[in-house]
Amino acid sequence: MPPPNILPKFKLAVSGRYNGAVKYDQNLFQLNRGQLDLFLKTSQLHLLTSQMPYFSRFFVPLLLLASFCSSNPIQDTFYQCLSLNNTYSLTDDQLSNIFFTPNNTAFTPLLNSTAQNLRCIASYAAKPELIFTPLHETHIQTAVICAKKLGIQLRFRSGGHDYEGISYTTVMDLPYVVIDLAKLRGIDVNVEDGSVWVEAGATVGELYYRVAEKSKTHGIAAGLCTSLGVGGHITGGAYGSMMRKYGLGADNALDAKIIDANGRILDRKAMGEDVFWAIRGGGGGSYGVIVSWKLKLVVVPETVTVFNVEKTLEQGATKILYKWQQVAEKLDENLFIRVLIRPSNIANSTERTISTTYNALFLGDVNTLEEIMKQSFPELGLTKDDCFEMSWLESILFIAGYPRTIPTSVLLAGKPAFLNYFKAKSDFVTTPIPEEGLEGIWKRFLEEEQPLMIWNPYGGMMAKIPEASIPFPHRNGTLFKIQYVNSWMNPEKQVMNKHVDWIRKLYNYMTQYVSKFPRQAYVNYRDLDIGMNNNDFKNDFVKAASSWGTRYFKNNFNRLVKIKTEFDPDNFFKHEQIIPVLPFKTNVQRFKHLHKRKGR
Ligand SMILES: Cc1cc2nc3c(=O)[nH]c(=O)nc-3n(C[C@H](O)[C@H](O)[C@H](O)COP(=O)(O)OP(=O)(O)OC[C@H]3O[C@@H](n4cnc5c(N)ncnc54)[C@H](O)[C@@H]3O)c2cc1C
């Protein structure tokens, strides 16, 4: 017989006809593994179920409980809760195929599958208690409801490109569960109404491919790297080679579906304009789980033109780059010329130099481009031989650095072109960096192994959109954005420390040349050096307001905090740089709650 304290709870849990709603006795989760096993073995449950068919949907989850056994309380309680809340017809096989603990041989390959930064899956990086890979939006709802009830911290991963890996690791020293959305990657293109619905786990490469498949004259304004996950990418802004013409991915978002802290699925109308504003640039993970985005299709010509032109120090790179800083933001808005800067070897020698590569997309033909370049930036010396005309989809591969022989269907693989250990940072520049400033950068670059900077031009549409239009505030007056990346391939921790130290020193050196009060940063280039939360309501708000919050969002930070306080008052969604809730509001709500419970 089951222990006497268990049976009444079980009866309570199953009493009442199962009606498809979330229904269970929370006390049941207080049973430990041994108690449940004992109960399932000794009870006459099979008789009960044969007599009462409507118990079958409840009974299957209980069998699942019996089939899953670990000594980890988070894994156990979460699994139990998912099983008991299994209102969406998950079969036993499905549940065991979407719930992975470290004991499962598939766990590490799955954890690593989309982790873009090897630093964040190295031996020294924290690992989740388990990974849950939903097949349907309702599975995410169940996971959120269970995590909230059980007080488990969730992390959400779409494409795994977070620079600090906070979608799958943490430095907050708290156990956590990863909800990996990679299996949710549906794309529904509607050329007639000029939009596409895309699920969070799809990559931008797949999205571009599916849009181009339907129309040769439509595209999407979003990132340059083809393996970015739509879920995390769009919510942090999402710039790409059409930003000067059409703005960011987030500027072109028309609707979204989000799951809030109560497990409700809300579209734009249901979440309201404040929340819809906040998720378009406010950074991943703060307000809920984005299930899908509706994005605007933008018009592209059937033929676009691209080029790569490299200039080394010996070819006058410093002066040309100084000129680029003055013109790139003023160029025709159909033209996007970014610059990739890294050390390289002088031809036929072991001596190192600095190489600057001008990597460009022009939304037009080569003749028009040639005219524009002659007028605006002759110093680069662009010739027709440097240029290639192609479709917009082919230009995606060119800009992302793929060889020209690769077919566009490679985009459907949804895989990154390379992986390494890296640390990255960002800056915005509002006045050109003088030549002696550039020379200071070259000196530092030549002392390091594999540093990289990417300078992205602003202006055009980016300057026309008001700063408060969405949370992304880096608009008029920005000449360009700098992305600093230092990468390495050695897994040792001391090697990481050395390279991270180098990039921090470079960042210090750059202080004098970049935006000030605040020194701005791009939230999609997450950088925990500029501040992080510590799971402490009051101080988190104050710290964020004076550090990363205003650097990423300037004055928009206050509105983001207000919206977070209203929408997720219990601060259920958390990570190192979550938008904090207002400390006094939280206390007021807690006070009200207590008041109510005491019946006053
Ligand atoms: C190689 C590389 C190239 C890049 N190129 C560009 C570029 O061209 N343009 C650009 O703008 N940015 C670029 N980025 C930055 C990129 O936009 C961000 O890292 C973005 O957050 C990645 O989204 P993701 O879904 O791939 O990442 P993830 O690591 O899965 O998520 C990133 C963040 O979003 C949250 N999140 C993920 N999914 C969801 C969801 N469904 N709902 C709510 N929150 C979620 C996570 O919790 C995390 O905080 C690049 C990054 C890398 C590593």
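Keep in mind it's a predicted model, so treat the numbers as computed, not measured.

Each value, and the rule that gives it
- Residues numbered from 1 in each chain as written.
- Predicted model: local features only at pLDDT ≥ 70, side-chain atom pairs only at ≥ 80, totals over all residues.
- Helix = DSSP H or I, 4+ residues; strand = E, 2+ residues; numbered from the N terminus.
- Expected span 1.5 Å × (residues − 1).
- Buried ≥ 20, exposed ≤ 12 C-beta atoms within 10 Å, placed from the backbone.
- Pairing = 2+ DSSP bridges.
- Near = placed C-beta within 6 Å.
- Nonpolar A, V, L, I, M, F, W, Y, C, P; charged D, E, K, R; others polar.
- Domains from an automatic or database assignment.
- pLDDT = per-residue confidence, 0-100.
- Contact = placed C-beta atoms within 7 Å.
- Axes fitted to C-alpha atoms, helices over the stretch in contact; angles between N-to-C directions.

Draft legend 1. Just helix H8 (residues 137-150), in detail. Taking 1.5 Å as the rise per residue, H8 with 14 residues should run 20 Å; its terminal C-alpha atoms sit 20 Å apart, in good agreement. Those residues of H8 lying buried are His139, Ile140, Gln141, Thr142, Ala143, Val144, Cys146 and Ala147.

Draft legend 2. Quick peek at the sheet that holds strand E1 (residues 99-100). One open sheet accounts for 4 strands, arranged E1-E2-E4-E3; its pairing is mixed. Each edge of the sheet is formed by a strand with only one pairing partner; in this case those strands are E1 and strand E3 (153-157). Pairing between E1 and strand E2 (residues 130-132): 2 bridges, direction antiparallel. Paired with phenylalanine 99 across the bridge in E2 is phenylalanine 132.

Draft legend 3. Structural context of the site of the ligand. Neighbouring the ligand are 34 residues, the closest being Gly159, Gly229, Gly231, Gly232 and Gly284. Breaking the shell around the ligand down by element, the ones donating at least two residues are E3, helix H10 (230-235) and strand E10 (289-296). Here the element with the most residues in the shell around the ligand is H10; it accounts for 4 residues. For the shell around the ligand, a count of residues per class yields 12 nonpolar, 19 polar and 3 charged. If you count residues domain by domain, the shell around the ligand takes at least three from each of domain 1 (7-180) and domain 2 (187-299).

Draft legend 4. Broad picture of the confidence of the model for the protein. For the protein, mean pLDDT is 86; residues scoring 70 or higher make up 84% of the total. Here residues 590-600 is modelled with pLDDT under 50, and outside its nearest four sequence neighbours on either side it reaches 1 contact, counting other chains as well.

Draft legend 5. Region of the structure containing the sheet that holds strand E8 (residues 253-259). With antiparallel pairing, the 5 strands of this open sheet are ordered in space as E5-E6-E10-E8-E9. Of all the strands in the sheet, the pair left with one neighbour each is strand E5 (187-190) and strand E9 (265-266). In the sheet, E8 pairs with E10 via 6 bridges, with the strands oriented antiparallel. Note that in E10 the partner of isoleucine 258 across the bridge is isoleucine 290. Across the face of the sheet, H8 comes into contact with E8, E9 and E10 while running at roughly 140° to E10.

Draft legend 6. Region of the structure containing helix H16 (residues 392-400). For H16, the buried fraction is high: 8 of the 9 residues fall into the buried class. Those residues of H16 that sit buried are Trp392, Glu394, Ser395, Ile396, Leu397, Phe398, Ile399 and Ala400. Just downstream of H16 lies glycine 401, where phi reads positive at about 95°.

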